[in-house]
Amino acid sequence: MISLLTYTLKNLPNTSKWALRFCMRPLSSSSQLQAAAASQTKSKKTLAKPNIRNIVVVDGVRTPFLLSGTSYKDLMPHDLARAALSGLLHRTSVPKDVVDYIIFGTVIQEVKTSNVAREAALGAGFSDKTPAHTVTMACISSNQAMTTAVGLIASGQCDVVVAGGVELMSDIPIRHSRKMRKMMLDLNKAKTLAQRLSIISKFRLNFLSPELPAVSEFSTSETMGHSADRLAAAFAISREEQDEYALRSHSLAKKAQDEGLLSDVVPFKVPGRDTVTQDNGIRPSSLDQMAKLKPAFIKPYGTVTAANSSFLTDGASAVLIMAEEKALAMGYKPKAYLRDFMYVSQDPKDQLLLGPTYATPKVLEKAGLTMNDIDVFEFHEAFSGQILANLKAMDSDWFAQNYMGRKAKVGLPPLEKFNNWGGSLSLGHPFGATGCRLVMAAANRLRKEGGQYGLVAACAAGGQGHAMIVEAYPK
Amino acid sequence: MVASRAIGSLRRFTASQTLGCRGYICRNFTRSSALLTRTHINYGVRGDVAVIRINSPNSKVNTLSQELHSEFMEVMNEVWSSSQIRSAVLISTKPGCFIAGADLNMLNSCTTSQEVTQISQEAQKMFEKLEKSTKPVVAAINGSCLGGGLELAISCQYRIATKDKKTVLGSPEVLLGILPGAGATQRLPKMVGRPAAFDMMLTGRGIRADRAKKMGLVDQLVEPLGPGVKPPEERTIEYLEEVAITFAKGLADKKITPKRDKGLVEKLTSYALSIPFVRQQIYKKVEEKVRKQTKGLYPAPLKIIDVVKTGIEQGSTAGYLSESQTFGELAMTKESKALMGLYRGQTQCKKNKFGAPQKEVKQLAVVGAGLMGAGIAQVSVDKGLQTILKDTTLPALGRGQQQVFKGLNDKVKKKTLTSFERDAMFSNLIGQLDYRGFEKADMVIEAVFEDLNLKHRVLKEAEAVIPDHCVFASNTSALPIGEIATVSKRPEKVIGMHYFSPVDKMQLLEIITTEKTSKDTTASAVDVGLRQGKVIIVVKDGPGFYTTRCLTPMMSEVIRILQEGVGPKNLDSLTTSFGFPVGAATLVDEGGVDVAKHVAENLGKMFGERFAGGSLEVLMQMISKGFLGRKSGKGFYIYQEGVKNKNLNSDMDSILASLKMPSQPDVSSDEDIQYRLVTRFVNEAILCLQEGVLATPAEGDIGAVFGLGFPPCLGGPFHFVDLYGAQKIVDRLRKYETAYEKQFTPCQLLVDHANNPNKKFYQ
């Protein structure tokens, strides 16, 4: 057991350093890899299943992801969602009346637009005959939106579905306290002046203290950052490893941005402000500077800091999903197939963020693939510590045997295929919108790097998780 | 003396041995140094931090024994003399336990107070050295840190504790009739302030880690970890050690100071306490409160106040001296011996001597959602046991479900549970009106009215549905289990489980086996009881089993004493001042007059004259007037919602007057009245052992104290006889025998003990 631990201990930072160096190298060497990956794909089978419709992603877009409180701060969530929908219409030129259904994911709901999908669709000029609904599943909300679309198409209910997600953390619904709300509602019902006065006389100053949306897990009252810090400690992941991984994410994102690889981003003219064209949270720093930060959750000795966590983000994303035959009939050249997917859940206290570890082996098994078949990994990065803990857990036979009821570990995803264009740590993480970004990143990377299979995985509050296989559409 | 000399030589021996291999330790510091001769402590060095890991072999807990003490001293001497080491971490690698306290066997083997004082002084010296250490020592606490363990921890320069439910800090010595004898009376008041220190030492209550942090008892908290690539408990201890090492380094580098900022309230209190007059007033207040609560029956609490006072008023040298001497004195008192005996008995009664049952009970069913049934359900669901609660009507069932919910919700209000945990626990409870699901039950506990026909009906109904392996347990306080089992198709699966009300507060469970009850059925019942958190005695079937049978003659005496003209208030104060937690008259009211009558009538028939005394007529008249005790609002007293001081029920005067008995002056002094009650109880208890109803004296003591409120300071009937002398008790009985005849005839076993002073129930 100890030898296993030291092995992973030694291995992890090394590979991440290696990957870091690798990505700093000139382009020529990375094209070598592409060539290698491309040659590998030829031998692989397709995952099409008999009697089940093939479902494709035609294309997908997202607004630039911005730090909360910056250019999007005066908008409402449906404004952002609208921007993503308009961007998708523009990018794909899909006739609005072809769309059978619209589904959006979101987490912190604006009470005025609780079905934000419908409000955004109407505002974006979609047909008022197209129904829309909103789903919520914490950080995998837009994954849920996409898989709901897959279900609707696979079962023959729809042919064309728009799925997306939105989050606006610049503004959150802060409520009156329960006591104040109760008093206001009672006042509403009171008929006589005497009744009203008697209700008002019960008013106390503490009624005015507001109620914030919970940042902590409802079941455990623990904030996610706190849980991530404990998770990192449980897997013995050092502060240095976490900072290194965060730096990798930012450096790769910067490189991808500079090289124009983030093609899913569509510019957004914010009313009353300049046009926003790119993500603004990508900030490669230095390890020295990151080391100066104090722990954000477990004070004073924790390891999770602002620099190695994803930040509060505003943003929206949308993808156009169709039955393959419909897409072809309409003359589209789809980007990717959406194949097997899997939802998992586990203990929300101690394994809150281990969803990818649980989902990965299951989805691979379901698709009949192994870790070696995957050319592109796109994992949601909530915290550096969370990613590294998942990597260690996936590489641990002990964990697989004792907690997942499996005979052996699924194995470590090779870091050179892992989140190569940055991740949630650097690009940002608008809770409801990240899932579509992951799928589009996987699809775009498969096209660019020439692989066949991509694996998308994410963790979510409530101790849930998701994974999906994305297969490149043959060129 | 011999013992201490032997230990002294042992210490010299081990010291010289490690001296020889010191170089070896240094070279191999990163590896485990378990190769050394030390058995309790494993010691290594990380960089410039010494890591001292405690793990006593062959025990679930670490205790401060002589060996641990000397090994620790030896290791500390190495730490102090090594130039390479700048700080140290003290940690236990035993899961769930830092140090659970001093080794009680060590104290019990002492025969004089001087010996005990010497043990205390040795510990004081060691901890003083530790306190004055120039190299900072960090205590890393995971699990119970009690008594001597806490004294060790507060002598260190810094404390880090895991925020685990198992991490509890406290000074429970007072519960054993002694005081913290290794410096806590002197250090604790300085560390957490006098009020908090008094509270800890006088109540013995355990303090959870988060509260300890707020009080300043610990400096940092570490969250327990979940699974990683090794078991969570193991990794949590490792992590605690890693964190402690960084703090030890920080302290050595003076980057962290051990001092903490005091809040405004604390500053004000400490200012107020700097005025001698205020201090005197506070001592007086605390003493008054203690006197009122202990009624002078427990010497330890007052001594603790004295010792703390000595330290504060006369300086720490006098304080330490007073602490060690008082510690020696207290350890030799009867009260302390009785309480320690009870503690040992309690430990025994928390084990399943019948072994693991063949099939663990996963699905429980409770029939009857009254006070008892709902109580049983509550202590089951909160331990994760799936429980069906069945009653016959929706209102009765609803009342029971509400009782369970309220019990859990009260814990949420006290913040020992989260609302989410409450909901999850409550979801283990299924309320229903029929026998659906009983086919999957592993155990049925019936808690219906005490009526044999009803119990027979429930047994037959249940047996029609339950599977073959299912245990049928009857919760009854007096109906013989054998009689209940007569209608059973499978009497080997029938057992008695006598819970005490309120079930969630009373620790005792009396399990009753008939001649036909199988061993596996007993094992299963004990297992469920232990999971419900109970202290368990297992007795043989018979009228009144053990507890009810002991109580009945005493209750008969209570009625007679009342008939002889002693008022209920007077009787209550006589019994409470003898050490009973509840007065005798109040006890009748609390238990219910109808229940008392029912039991007295039944057992009276069975045991005849020995159970005679007061007239049953008193109880019958009370019942006819509706004076059923607290539940009906009237008994000997009047009970009103929200009224704290209860008044006498004046209507009782006429009943008692009409049934007045002449009192016999030579057996009616206050002391005689107390002894008439107690000796009847004790005599019956010993008869139970003589007849084999009880298997061991320890179970008899635990049953009497935890179930019936027998004075804990006396240690239960058997300790009482041992400590006060069987002869004295027989003399008392003989004296009362002349007045009241057979009711006071001492049983043979007691007479045997009186005739042979070497005979003891506890050797």
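Residues numbered from 1 in each chain as written. Chains lettered and ligands numbered in written order. Predicted model: local features only at pLDDT ≥ 70, side-chain atom pairs only at ≥ 80, totals over all residues. Heavy atoms only, no water.

Trainee: Describe the overall build of chain B, and please don't skip the residues or the numbers.
Mentor: Secondary structure assignment for chain B yields 32 helices and 20 strands. Here chain B has a C-alpha radius of gyration of 29 Å; the compact-globule value for 763 residues is 27 Å, and the two agree. A principal-axis box enclosing the C-alpha atoms of chain B has dimensions of 85 × 60 × 55 Å. Per-residue burial over chain B gives 56% buried out of 763 residues. Relative to all contacts within chain B whose residues are 6 or more apart in sequence, the contacts with residues 24 or more apart total 73%. For chain B, the computed accessible surface area is about 32,600 Å², with 55% contributed by carbon and sulfur atoms. Across chain B, 99 positive and 80 negative side-chain charges occur, with their mean positions spaced 6 Å apart. (Helix = DSSP H or I, 4+ residues; strand = E, 2+ residues; numbered from the N terminus. Rg over C-alpha atoms; globule rule 2.2 N^0.38 Å. Buried < 20%, exposed > 50% of the residue type's maximum accessible area, 1.4 Å probe, protein only. Contact = heavy atoms within 4.5 Å. Areas by Shrake-Rupley, 256 points an atom, 1.4 Å probe, with all protein chains shown as cover. Lys, Arg positive; Asp, Glu negative; His and termini not counted. Charge placed at Lys NZ, Arg CZ, Asp CG, Glu CD.)

Trainee: So what's going on with the sheet that holds strand E14 (residues 443-446) of chain B? Residues and values would help.
Mentor: Within a sheet, neighbouring strands are paired by backbone hydrogen bonds and run either parallel or antiparallel to one another. All names here are of chain B. The eight strands are arranged E13-E12-E11-E14-E15-E16-E17-E18 in an open sheet whose pairing can be described as mixed. Strands with a single pairing partner mark the edges of an open sheet, and in this sheet they are strand E13 (429-432) and strand E18 (535-540). Averaged over all adjacent pairs, the angle separating strand axes in this sheet is 25 degrees, with direction ignored. Pairing of strand E11 (residues 363-367) with strand E12 (residues 386-390), which is carried by five bridges, proceeds in the parallel orientation. Across the sheet, residue Val366 finds its bridge partner in E12, namely Leu389. Of the strands in this sheet, E12 and E13 are in contact with helix H17 (residues 394-413), which crosses E13 at around 165 degrees. (Pairing = 2+ DSSP bridges. Axes fitted to C-alpha atoms, helices over the stretch in contact; angles between N-to-C directions.)

Trainee: Report on the packing of helix H7 (residues 184-192) of chain B against helix H14 (residues 316-331) of chain B, specifying residues and quantitative values.
Mentor: Residues and elements named next belong to chain B. Orientation of H7 relative to H14, taken along the N-to-C sense of each, is 130 degrees, at an axis distance of 9 Å. Judged on the interaxial angle alone, H14 and H7 are oblique. Between H7 and H14, the residues in contact are Ala184, Thr185, Gln186 and Arg187 and Ser316, Gly319, Tyr320 and Glu323, respectively. Tallied by class, residues from the contact of H7 with H14 come to two nonpolar, four polar and two charged. (Parallel < 35°, antiparallel > 145°, perpendicular 65-115°, else oblique. Nonpolar A, V, L, I, M, F, W, Y, C, P; charged D, E, K, R; others polar.)

Trainee: For a nonpolar patch on the surface, give the residues involved together with the corresponding values.
Mentor: Judged by side-chain polarity, Tyr271, Ile275 and Phe277 of chain B come together as a nonpolar surface patch covering roughly 360 Å² of accessible area. Mapped onto the fold, Tyr271 of chain B is located in helix H11 (residues 264-272). (Patch = residues over 30% accessible without salt bridge, like charges linked within 9 Å, V, L, I, M, F, W, Y side chains within 5 Å. Salt bridge = Lys/Arg side-chain N within 4 Å of Asp/Glu carboxyl O.)

Trainee: Give a description of helix H24 (residues 584-591) of chain B that names residues and reports values.
Mentor: Residues and elements named next belong to chain B. Burial in H24 covers these residues: Ala584, Ala585, Thr586, Val588 and Asp589. Summarising the contacts, the buried residues of H24 are in contact with helix H22 (547-563), helix H23 (568-578), helix H25 (593-607) and strand E19 (637-638). In the stretch just after H24, Gly592 is the one whose phi turns positive, near 100 degrees.

Trainee: Give me the pairing of strand E7 (residues 158-162) of chain B: which residues, what numbers.
Mentor: Residues and elements named next belong to chain B. Most of E7 sits inside the fold, with five of its five residues counted as buried. Side chains Tyr158, Ile160 and Thr162 of E7 all project onto a buried face; the interleaved residues Arg159 and Ala161 project onto the opposite face, where all are buried too. Where strand E5 (residues 137-141) meets E7, four bridges bridge the pair, whose relative direction is parallel. Bridge pairing in E7 links Ile141 to Ala161. As paired strands, E7 and strand E10 (residues 220-222) are joined by three bridges and run parallel to one another. Paired with Ala161 across the bridge in E10 is Leu221.

Trainee: Account for the domain arrangement of chain A, naming residues and giving values.
Mentor: By domain assignment, chain A separates into domain 1 (55-169 + 263-267 + 310-472) and domain 2 (181-211). Computed from C-alpha coordinates alone, the two centres of domain 1 of chain A and domain 2 of chain A are separated by 45 Å. (Domains from an automatic or database assignment.)

Trainee: Quick rundown of the packing of H22 of chain B against H24 of chain B? Include the residues and the values.
Mentor: Residue and element names in this part refer to chain B. Where H22 meets H24, the axes come as close as 10 Å, and the angle between the chain directions of the two elements is 115 degrees. Pair H22 / H24 crosses with left-handed handedness. From H22, Leu551, Met555 and Val558 reach across to H24, where they touch Ala584, Leu587 and Val588. Its residues placed into classes, the contact of H22 with H24 shows six nonpolar, no polar and no charged. (Left-handed = near helix turned anticlockwise from the far one by under 90°.)

Trainee: For the UniProt feature "intramembrane region" in chain A, give the residues involved together with the corresponding values.
Mentor: Sequence positions flagged by UniProt for "intramembrane region" are, in local numbering, residues 174-221 of chain A. The distance separating the terminal C-alpha atoms of residues 174-221 of chain A is 18 Å; by composition the span is 42% helix and 0% strand. (UniProt positions renumbered as here; feature names shortened; annotations may be inferred.)

Trainee: How would you explain the UniProt feature "active site" (unreviewed entry) in chain B if you had to name every residue and give the values?
Mentor: Residues and elements named next belong to chain B. Here the UniProt feature "active site" (unreviewed entry) sits at Glu510. Secondary-structure assignment places Glu510 in strand E17 (residues 508-513). Since its relative accessible area comes to 0%, Glu510 is described here as buried. The contacts of Glu510, once residues within four sequence positions are left out, are Gly496, Met497, His498, Phe500, Ile537, Val539, Phe545, Tyr546 and Thr547. Reaching out from Glu510, the side chain makes a polar contact with the backbone nitrogen of Tyr546 at a distance of 2.9 Å. (Polar contact = N/O pair within 3.5 Å; in protein donor to acceptor, adjacent residues only side chain to side chain.)

Trainee: Give a detailed account of the packing of aromatic side chains, specifying residues and quantitative values.
Mentor: Residues and elements named next belong to chain B. Summed over all chains, the structure comprises 26 aromatic pairs over all chains. Ring geometry for Phe718 against Phe761: centres 4.9 Å apart, planes inclined by 85 degrees, an arrangement best described as edge-to-face. Pair noted here: Phe718 is in helix H30 (residues 717-724) and Phe761 is in the segment after helix H32 (748-755), with a separation of 43 residues, a long-range link. Assessed through its relative accessible area of 0%, Phe718 is described here as buried. Look at Phe761 and you get buried, because its relative accessible area is 12%. (Phe/Tyr/Trp six-rings, centres within 6.5 Å; stacked < 30°, edge-to-face > 60°.)

Trainee: Give me the sheet that holds strand E9 (residues 207-208) of chain B: which residues, what numbers.
Mentor: All names here are of chain B. Reading across from one edge, E4-E6-E8-E9 is the order of the four strands in this open sheet, with mixed pairing throughout. The open sheet is flanked by strand E4 (97-99) and E9, the only strands paired with a single partner. Alignment of strand E8 (residues 168-170) against E9, held across two bridges, turns out to be antiparallel. In the sheet register, Leu169 faces E9, and the bridge partner there is Ile207. Along the sheet face, helix H6 (residues 148-155) touches E4, strand E6 (144-146) and E8 and points at about 90 degrees away from the line of E6.

Trainee: Help me get a handle on helix H3 (residues 66-81) of chain B, residues and values and all.
Mentor: All names here are of chain B. Taking 1.5 Å as the rise per residue, H3 with 16 residues should run 22 Å; its terminal C-alpha atoms sit 23 Å apart, in good agreement. Among the 16 residues of H3, 12 are classified as buried, and the element is accordingly described as predominantly covered. By the burial criterion, the buried members of H3 are Gln66, Leu68, His69, Ser70, Glu71, Phe72, Met73, Glu74, Val75, Met76, Glu78 and Val79. (Expected span 1.5 Å × (residues − 1).)

Trainee: So what about the side chain of His456 of chain B? Which residues, and what values?
Mentor: In this fold, His456 of chain B is placed in helix H19 (residues 452-463). In contact with His456 of chain B, not counting residues within four places along its chain, are Glu483, Ile484, Thr486 and Val487 of chain B.

Trainee: Before we move on, can you summarise the state of the cysteines with the specific residues and values?
Mentor: All names here are of chain A. Inspection of the entire model under this criterion finds zero disulfides over all chains. Here Cys158 is not cross-linked by a disulfide; its sulfur's nearest cysteine counterpart is in Cys436, at 16 Å. Given the relative accessible area of 7%, Cys158 is considered buried. (Disulfide = S-S within 2.5 Å.)

Trainee: Quick rundown of the interface of chain B and chain A? Include the residues and the values.
Mentor: With 18 residues of chain B in contact, the opposing surface of chain A contributes 21 residues. Buried surface at the junction of chain B and chain A, both sides included, amounts to about 1,800 Å², of which 66% is carbon and sulfur. Along the contact surface separating chain B from chain A lie zero salt bridges. Linking chain B to chain A there are three residue pairs in polar contact (both at pLDDT 80 or more). Contributions of two or more residues to the side of chain B that touches chain A are made by E10 and helix H10 (232-252) of chain B. Examining the composition of the side of chain B that touches chain A, we find that five residues originate from one element, H10 of chain B, more than from any other. In the side of chain B that touches chain A, the residues fall into 12 nonpolar, three polar and three charged. (Buried area = accessible area lost by both parts, 1.4 Å probe.)

Trainee: How would you summarise unusual backbone geometry if you had to cite specific residues and measurements?
Mentor: Look at the link from Lys299 of chain A to Pro300 of chain A: it is a cis peptide, with omega at 0 degrees. You can see Pro300 of chain A is positioned in the loop between helix H10 (287-291) and strand E8 (313-323). Cis rather than trans, the peptide bond between Ser501 of chain B and Pro502 of chain B has omega equal to -10 degrees. Looking at the secondary structure, you find Pro502 of chain B in the loop between strand E16 (494-499) and E17. For Ser93 of chain A, which is not a glycine, the phi torsion comes out positive at approximately 55 degrees. You can see Ser93 of chain A is positioned in the loop between helix H3 (77-92) and strand E3 (101-105).

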